[in-house]
Amino acid sequence: MSGGADTRRRDRLPPETFDLPVEKMRAGYYTDAYFNHARATLLADGRRPRVVMQVFQRHDAVLGGMDEALAILQLCCDDRSGLTVHALHDGDAIEPWKTCMTIEGDYTTFAHLETLYLGTLARRTLVATNTTRVLEAASGKPIIFMPARHDHHRMQTGDGYAAHVAGRRLGVSIDVTSDAQASWWGGRAVGTVPHALISAYGGNTVLAATKFAEWAAEDVNVTVLVDFENDSVATAIEVARALGPRLWGVRLDTSGQLVDRSLWEELGDFDPRGVNERLVRKVRDALDENGFERIRIVASGGFDAAKIARFEAARVPVDAYGVGSTLLRGENDFTADIVLTDGHESAKVGRRFRSNPRLELV
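What comes next is a walk through the structure. It should be emphasised that the depicted structure is a prediction, and the values quoted were computed from it without experimental measurement. Residues take numbers from 1 onward in each chain, read along the sequence in its written order. In view of the model being predicted, local features appear only for residues whose pLDDT reaches at least 70, and side-chain atom pairs are presented and counted only at 80 or more, with totals across whole chains, interfaces and linings using the full set of residues. Values reported for side chains reflect all heavy atoms of the structure, with hydrogen atoms and water molecules removed beforehand.

### Quick notes on the overall build of the protein chain
Stage number 1. Numbering of helices and strands runs from the N terminus; a helix is a DSSP stretch of H or I covering at least four residues, while a strand is a stretch of E covering at least two. In terms of helices and strands, the protein chain carries 11 helices and 14 strands.
Stage number 2. With respect to the three principal axes, the spread of C-alpha positions in the protein chain is 80 × 40 × 35 Å.
Stage number 3. The classification of residues rests on relative accessible area computed with a 1.4 Å probe and restricted to protein chains. Under 20% of the type maximum is buried, over 50% is exposed, and intermediate values are partly exposed. Split into buried and exposed, the 362 residues of the protein chain put 52% on the buried side.
Stage number 4. Considering only contacts in the protein chain between residues 6 or more positions apart, those separated by 24 or more positions represent 75%.
Stage number 5. Charge assignment: positive for Lys and Arg, negative for Asp and Glu; neither His nor the chain ends contribute. Charged side chains are reduced to one point each, which is NZ for Lys, CZ for Arg, CG for Asp and CD for Glu. Between the averaged position of the 43 positive side-chain charges in the protein chain and that of its 50 negative side-chain charges there is a distance of 2 Å. Any pair of residues with heavy atoms lying within 4.5 Å of one another is described as a contacting pair.

Structure below.
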């Protein structure tokens, strides 16, 4: 992945940012039982081995969740002062098998936290990496991060921050759709006129958009979905005429199972379903021909890095992309290995210390 314009701060989010369930974490409530059992066995035997634990993963990726993982260690281990931790920063590019964090200290003080910090790193790195790929494909165009409805609400805060980290790393604008997603970095949620509001006004997109514009603050970029009647060209023009300078953009979101009315006479040599190149060009041409050159087009519905890259290669006139569930798909598992115990190397094959000079003392 390209390095981009790295504008990251080198400081870290304070531990209290994450609102962790500290007591339950300390008690092992979220921990795989085998770690709790191993820790209990050591404590019952009076054995407190001093270990070096290294954390790594197996992909070219963009690191997310490190500040959150460090907060878990700081707030939930038995004796934080007894640990020496080195770690990379959120937004760092990471490579297969390269160490992202090391933890040195009495194993019994943090054995019960392995499940937690690995899970945090896995989830946030997945989102940060997927978002980076989408941003790179979009060639600098804004992205709206829209996966909130595709996962449990407690995922939103950290996922939104992981997306923000990806945007900050590349110096590219990324918007989020819920206040929770924006909370850790002080942003603000954005949103278009949704299908639900149009339905509430009897399917009248123009009326719903007008009422929304009357309600919205002046600094809100009013963007309206125009696919409700499956006639995006006609609806886009109607909305533009009704809202005038108040309209910032129109959003195309045609279902992948539908063919927009404007394409019914053009079937045969392309896939006409959903938001496709020809539909976008038709909406753009119609807006321009009617004097609405300034109105932006936002495209959403089934977009991922590959589809965005195809649109950009074909110079499809999209001004911003909305991307949802694809940002949560895939895997980016982390592993933690004890590589030294009381100064002795691990005997297990493959568990050797992999130094990384980029690690910083926390």
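More follows now that the structure is in view.
### Some thoughts on the environment of Thr31
Stage number 1. Relative to the helices and strands, Thr31 resides in the loop between helix H1 (22-26) and helix H2 (33-44).
Stage number 2. On the accessibility criterion, Thr31 (10% relative accessible area) is buried.
Stage number 3. Along the sequence, Thr31 and Ala111 sit 80 residues apart, while their C-alpha atoms lie 9.5 Å from each other.
Stage number 4. Residues in contact with Thr31, not counting those within four places in the same chain, are Asn36, His112, Thr115 and Leu116.

### Notes on the packing of helix H9 (residues 232-243) against helix H10 (residues 277-289)
Stage number 1. Running from N to C, H9 and H10 cross one another at 35°; their axes reach a closest spacing of 9 Å. Taken as a pair, H9 and H10 cross one another with a handedness that is right-handed. In this structure, H9 contributes Ser232, Val233, Ala236, Ile237 and Ala240 to the contact, and H10 contributes Leu279, Lys282, Val283, Ala286 and Leu287. Each axis is a line fitted through C-alpha atoms, taken for helices only over the stretch in contact, and angles between the N-to-C directions span 0 to 180 degrees. In this scheme the handedness of a crossing depends on how the near helix is turned from the far one: anticlockwise by less than a right angle means left-handed, clockwise means right-handed.

### A word on the packing of aromatic side chains
Stage number 1. We call Phe, Tyr and Trp rings a pair once their centres come within 6.5 Å, taking the six-membered ring for Trp, and we label the pair stacked below 30 degrees between planes, edge-to-face above 60, and tilted otherwise. Scanning all chains against the criterion turns up nine aromatic pairs.
Stage number 2. Aromatic side chains Phe56 and Trp97 sit 5.7 Å apart centroid to centroid with 35° between the ring planes, which places their arrangement in the tilted category. Taken together, the residues span a long stretch of sequence, with Phe56 in strand E1 (residues 50-57) and Trp97 in the loop between strand E4 (93-94) and strand E5 (101-106) at a distance of 41 residues.
Stage number 3. Given a relative accessible area of 2%, Phe56 falls into the buried group.
Stage number 4. Here Tyr107 and Phe110 contribute two aromatic rings whose centre-to-centre distance is 5.7 Å and whose plane-to-plane angle is 85°, an arrangement assigned as edge-to-face.
Stage number 5. Through a chain of ring-to-ring contacts, three or more aromatic side chains come together here, namely Phe18, Tyr161 and Trp184.

### Here we look at H2
Stage number 1. Here H2 is 12 residues long and its end C-alpha atoms lie 16 Å apart, about the 16 Å a rise of 1.5 Å per residue gives.
Stage number 2. Residues of H2 that are buried include every one of Phe35, Arg39 and Leu42, and no others. An end-on view of H2 places all buried positions within 65° of arc, on one side of the element. Facing away from the buried side of H2 by over 90 degrees, the exposed positions are Tyr34, His37, Thr41 and Ala44.
Stage number 3. Considering only its buried residues, H2 is in contact with helix H4 (114-137).
Stage number 4. Phi turns positive one or two residues past the end of H2, at Gly46, with a value near 70°. Helix span is expected to be 1.5 Å times the residue number reduced by one. By construction, the arc corresponds to the directions joining the helix axis to the C-beta atoms.

### Brief notes about the sheet that holds strand E11 (residues 320-323)
Stage number 1. Any two strands with at least two DSSP-identified bridges between them are counted as paired. Spatially, six strands are ordered E7-E6-E11-E10-E9-E8 in an open sheet, and the strand pairing comes out parallel. Edge strands, defined here as strands with exactly one partner in the open sheet, are strand E7 (174-176) and strand E8 (222-225). Neighbour-to-neighbour, the strand axes of this sheet turn through a mean angle of 25°, independent of strand direction.
Stage number 2. As paired elements, strand E6 (residues 143-145) and E11 share three bridges and run parallel to each other. Bridge pairing in E11 links Phe145 to Val323.

### Some details on the sheet that holds strand E3 (residues 84-87)
Stage number 1. Reading across the sheet, the six strands line up as E13-E12-E1-E5-E3-E14 and stay open at both edges, with antiparallel pairing between neighbours. The open sheet has two edge strands with one neighbour each: strand E13 (344-345) and strand E14 (360-361).
Stage number 2. Pairing between E3 and E14: two bridges, direction antiparallel. In the strand pairing of E14, His86 is matched with Leu361.
Stage number 3. The sheet strands contacting H4 are E1, E5 and strand E12 (334-341), and the helix crosses E12 at an angle near 140°.

### What about the pattern of salt bridges?
Stage number 1. A carboxyl oxygen of Asp or Glu within 4 Å of a side-chain nitrogen of Lys or Arg is what we treat as a salt bridge. As enumerated under the stated definition, the model contains 23 salt bridges in all.
Stage number 2. In this structure, Lys98 engages Glu95 in a salt bridge whose closest nitrogen and oxygen atoms are separated by 3.3 Å.
Stage number 3. Judged by its relative accessible area of 37%, Lys98 falls in the partly exposed class.
Stage number 4. Within this structure, Glu68, Arg123, Arg124, Asp151 and Asp159 form a network of salt bridges that share partners.

### Details of the nonpolar core
Stage number 1. Nine residue types can take part in a nonpolar core, namely buried Ala, Val, Leu, Ile, Met, Phe, Trp, Tyr and Cys, and a core is a set of them joined through side-chain atoms within 4.5 Å. Ile143, Leu247, Val250, Val283, Leu287, Ile308 and Tyr321 are the most contacted members of the largest nonpolar core, which has 57 residues in total.
Stage number 2. The biggest single contributor to this core is H9, with six residues.
Stage number 3. Among all residues touching Val283, those that are not within four sequence positions of it are Ser232, Val233, Ala236, Val250, Leu252 and Ile297.

### A look at the state of the cysteines
Stage number 1. Pairs of cysteine sulfur atoms within 2.5 Å are identified as disulfides in what follows. Per the stated rule, a full pass over the model turns up zero disulfides.
Stage number 2. Unpaired in this structure, Cys76 has its nearest cysteine sulfur neighbour in Cys77, at a distance of 8.0 Å.
Stage number 3. According to the relative accessible area criterion, Cys76 is buried, its value standing at 0%.

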